[in-house]
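Architecture at a glance
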Amino acid sequence: MRAAVQPVPDHVPQELVSSFNLFTGPGMEPAPMGDPHAAIETLLAGPPVFFAPGNTRNGEGTWVVVRAEDQRRVLQDGETFSSNRNIFASALGESWPMIPLEIDPPEHSKWRSLLNPLLSPRRVIGLEPIVRERAISLIEAMKSRGTDADVMKDFCLPFAVSIFLQFLGIGSERLEEFVGWATDLLHGTPAQRTEAARTVVSFLDELRDLRRQEPTDDFMSFVTQARIEGESLSDMEVRGMSVLLFIAGLDTVAAALGFDFYYLAQHADQQELLRTDPKRIQLAAEEMLRAFPSVTPVRRATRDVELQGITIRKGDLVACPSMTANRDPAEFPDAGKIVLNREDNRHVAFAYGPHRCLGSHLARREIVIGLEEFLARIPTFRIKPGTAPITHGGFVFGVDNLQLDWSEQEKAQ
Ligand code: HEM
């Protein structure tokens, strides 16, 4: 259940109010065989900036900035467009920022300097063997379940969660429990979401307290020992960081893999190309990140500001869907076409500006390794006859379920 739609503020000109919204607009509600990316692409034919009533979970409307160039302007200017919103905490009736996402520049940069080395390309190379091992064991278990398996539930989500557990320094024996929390947090009813949020926070708080006393060599030990300008981090700061790392890499990685499998299931020829020549997977993964990105960054204006001749007032929310920027014809030749060997692909699935995704190196390796191991183990697959994948819009687009069928190929082998 979503909150009631709040009235459109008086300063918004009526002609700029649209019926589109990321949650309930045409093509956005959970739908069998839905294609929220195709639905949102239609915005590129309309005004570059418009107002979408009820475009947030609490019913508040937002401006929507459609074009890549305008989005860059918003996302690069953290002084005018603030990301300090305490989203996760406010759902619990609390007030603390997720760090560094909800901290504005210039303070933001000290947090990035602390965290960047943890997810640097070199650190990610170190994590690769475990990422591959987790991918293989989940895919093999899914395969043994046959075509009753659901790729989202049996592979994409547990894969993303298991890498986070590894990062936290927790063994995969707690995987099922964490997948349950993640599922409730991301897809549950409002009550389930709040309950799961509380459980995750208290788990991470306990782990923080434990690692403060007995540090090891994991992420939590690192942040509890870290100092910024000579000061240790407070309990709330450690919480703000660990909660963000938990939620930032779950739905996003699962969604990327889910949309990739959904697309490939409908394009057996492309699957074959990647299966027979896995060197192509890296470029293909980038093109699928361009075509099926999941995140819409949102900011709040800290002063009145003009964009495309429209006045955005101090306090207004501004949404920048990566999905329209990534299909903007001013940025990409044949923007609406999926070209798996596209070169020079400067897409914005990981955003722009100071808050550009901290986990992009890890995310990319998870996606490429996930695709490599899946294509190496599962023969040509299609959407299981009689089933229809369910997709959804929102601030993070995703795939709810995806059943695939590879039995014909298995019989032929
Ligand atoms: C395909 C997977 C992913 C996508 C599409 C994605 C996308 C994004 C986007 C668009 C932002 C900017 C949000 C904003 O400006 O409001 C962001 C920020 C962030 N992401 Fe990711 N992300 C992914 C995976 C990950 C993973 C695996 C991690 C961690 C291990 C991660 C950690 C973060 C963090 C910490 C931030 C905040 C950075 C900052 O504020 O400076 N992400 N991500």
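It should be emphasised that the depicted structure is a prediction, and the values quoted were computed from it without experimental measurement.

1. Topic: helix H10 (residues 235–248)
- Taking 1.5 Å of rise per residue, the 14 residues of H10 would be expected to cover 20 Å, and the 20 Å separating its terminal C-alpha atoms lies within 8% of that figure.
- Taken together, the buried residues of H10 touch helix H3 (87–91), helix H4 (108–115), helix H6 (151–168), helix H7 (175–187), helix H8 (190–213) and helix H9 (219–225).

2. A closer look at the site of the ligand
- Near the ligand, the surroundings consist of 26 residues, among which His108, Arg112, Arg299, His355 and Cys357 are the closest.
- The separation between an oxygen atom of the ligand and a polar side-chain atom of His108 is 2.7 Å.
- Here His355 contributes a side-chain N or O atom positioned 2.6 Å from an oxygen atom of the ligand.
- The set of elements that each furnish at least two residues to the shell around the ligand consists of H4, H10, helix H11 (251–265) and helix H15 (360–377).
- Class assignment of the residues belonging to the shell around the ligand gives a composition of 17 nonpolar, 6 polar and 3 charged.

3. Focus: the packing of aromatic side chains
- One pass over the structure, following the stated rule, counts 18 aromatic pairs.
- Pairing Phe164 with Phe246 gives two aromatic rings, centres 4.9 Å apart and planes at 55°, and the pair type is tilted. Of this pair, Phe164 sits in helix H6 while Phe246 sits in helix H10, placing them 82 residues apart in sequence. By the burial criterion, Phe164 is buried, and Phe246 matches it.
- Seen from the ring of Phe332, Arg290 lies directly overhead, with NZ or CZ sitting 5.1 Å from the centre.

Rules of the game
- Residues numbered from 1 in each chain as written.
- Predicted model: local features only at pLDDT ≥ 70, side-chain atom pairs only at ≥ 80, totals over all residues.
- Heavy atoms only, no water.
- Helix = DSSP H or I, 4+ residues; strand = E, 2+ residues; numbered from the N terminus.
- Expected span 1.5 Å × (residues − 1).
- Contact = heavy atoms within 4.5 Å.
- Near = heavy atom within 4 Å.
- Polar contact = N/O pair within 3.5 Å; in protein donor to acceptor, adjacent residues only side chain to side chain.
- Nonpolar A, V, L, I, M, F, W, Y, C, P; charged D, E, K, R; others polar.
- Phe/Tyr/Trp six-rings, centres within 6.5 Å; stacked < 30°, edge-to-face > 60°.
- Buried < 20%, exposed > 50% of the residue type's maximum accessible area, 1.4 Å probe, protein only.
- Lys NZ or Arg CZ within 6 Å of the ring centre and 35° of its normal.

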